[in-house]
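Reading the structure
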Amino acid sequence: MNTLNGKVAFITGARRGIGGAIAKRFAAEGACVVMGASGISNSGGGTGPDIGEAVETINQSGGKAAFVVADLSRESERADLITRAQGHFGPLDILAALDRYTEALAHEVAADSVFINTLAPESIVLTSGAEFVRDIARKRPDMLEPVEMMAEAALALCSHSITGQVCYSRQV
């Protein structure tokens, strides 16, 4: 469909899980994707690909992806993050930050064509970082939500000029 053709998207937390699924989905829709991660590889015994491998997977499937590394909890690493992200494909059209933003901020920047929405899963999303809920998911498979549902909901929010929404994936 290429609903994001010509757009540049920056997705934080994109090495794996929900962020990785959103990055892949946006790239499949034509966006040039800059994937943000707190580190290049799995530290602390995590699972999932290195950020370079995640980018390469998108590029090999015909998409366009690059990455930036920044620990968002450190101000010094956030300072030039957007500039570094824009250095790959140009000015950003979409910021999919897997964090919390407020409705007030969304309306404040909408005049500049920056649209901010909050999206959360309605159920358990089994990503490689969700080890602590695997037992619940085995006992209650009705509480599972595929990671692709989050990616589709993010696409729906980011492919239109919607702002200030706080929603769950199944509502979008």
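Residues numbered from 1 in each chain as written. Predicted model: local features only at pLDDT ≥ 70, side-chain atom pairs only at ≥ 80, totals over all residues. Heavy atoms only, no water.

What follows deals with the overall build of the protein. Secondary structure assignment for the protein yields 7 helices and 6 strands. When the helices and strands of the protein are read in sequence order from the N terminus, they spell out β-α-β-α-β-α-α-β-α-β-α-α-β. Within the protein, residue pairs in contact and separated by at least 24 positions form 63% of the contacts whose partners lie at least 6 positions apart. Counting only carbon and sulfur atoms, one obtains 51% of the accessible surface of the protein, whose full area is about 9600 Å². (Helix = DSSP H or I, 4+ residues; strand = E, 2+ residues; numbered from the N terminus. Contact = heavy atoms within 4.5 Å. Areas by Shrake-Rupley, 256 points an atom, 1.4 Å probe, with all protein chains shown as cover.)

Among the 6 residues in strand β2 (residues 32–37), 6 count as buried, and that is most of the element. Here β2 shows a buried face lined by Cys32, Val34 and Gly36 and a second buried face lined by Val33, Met35 and Ala37. As a crossover connection, the stretch from strand β1 (residues 8–11) through helix α1 (residues 17–28) into β2 is right-handed. As paired strands, β2 and strand β3 (residues 64–69) are joined by 6 bridges and run parallel to one another. The partner of Cys32 across the bridge, within β3, is Lys64. (Buried < 20%, exposed > 50% of the residue type's maximum accessible area, 1.4 Å probe, protein only. Right-handed = clockwise from strand over helix to strand, strands pointing away. Pairing = 2+ DSSP bridges.)

This part covers the sheet that holds β1. Taken in spatial order, the 4 strands line up as β3-β2-β1-β4 in an open sheet, and their pairing is parallel. Every interior strand has two partners, whereas the edge strands, β3 and β4 (94–96), have only one. Averaged over neighbouring strand pairs, the angle between their axes works out to 20° when direction is ignored. Two strands pair when backbone bridges link them, and β1 and β4 are joined in this way by 3 bridges, in the parallel orientation. Bridging across to β4, Ala9 finds its partner in Ile94. Together, β1, β2 and β3 form the strand contacts of helix α4 (residues 81–89), whose direction differs from that of β3 by roughly 155°. (Axes fitted to C-alpha atoms, helices over the stretch in contact; angles between N-to-C directions.)

Moving on: helix α7 (residues 147–158). Along its 12 residues, α7 runs 17 Å from first to last C-alpha, staying within 8% of the 16 Å computed at 1.5 Å per residue. Those residues of α7 that fall on the buried side of the exposure criterion are Val147, Met150, Ala151, Ala153, Ala154, Leu155 and Leu157. Where α7 is buried, its residues meet α1, β5 (118–120) and β6 (166–168). (Expected span 1.5 Å × (residues − 1).)

What follows is about the environment of Lys24. Within the secondary structure, Lys24 sits in helix α1. Taking C-alpha positions, Lys24 is 9.9 Å from Met35, a pair spaced 11 residues apart along the chain. For Lys24, the residues in contact, after removing those within four places along its chain, are Thr57 and Ile58.

In this section: the confidence of the model for the protein. The predicted model of the protein averages 82 in pLDDT, with 86% of residues at 70 or higher. The spread of mean pLDDT over the elements of the protein runs between helix α5 (residues 103–109), the lowest at 63, and β3, the highest at 93. (pLDDT = per-residue confidence, 0-100.)

What follows is about the pattern of salt bridges. Enumeration according to the criterion identifies 6 salt bridges in this entry. Among the salt bridges present, the one from Arg84 reaches Asp80, with a minimum N-O distance of 3.1 Å. Across the pair Asp135 and Arg138 runs a salt bridge whose closest N-O atoms are separated by 2.9 Å. Placement of the pair is Asp135 and Arg138 together in helix α6 (residues 134–139), with a separation of 3 residues, close to one helical turn. Here the two residues Asp135 and Arg138 agree in accessibility, since each one is exposed. Each of the salt bridges in this network shares a partner with another, and the network as a whole consists of Arg25, Glu29 and Glu152. (Salt bridge = Lys/Arg side-chain N within 4 Å of Asp/Glu carboxyl O.)

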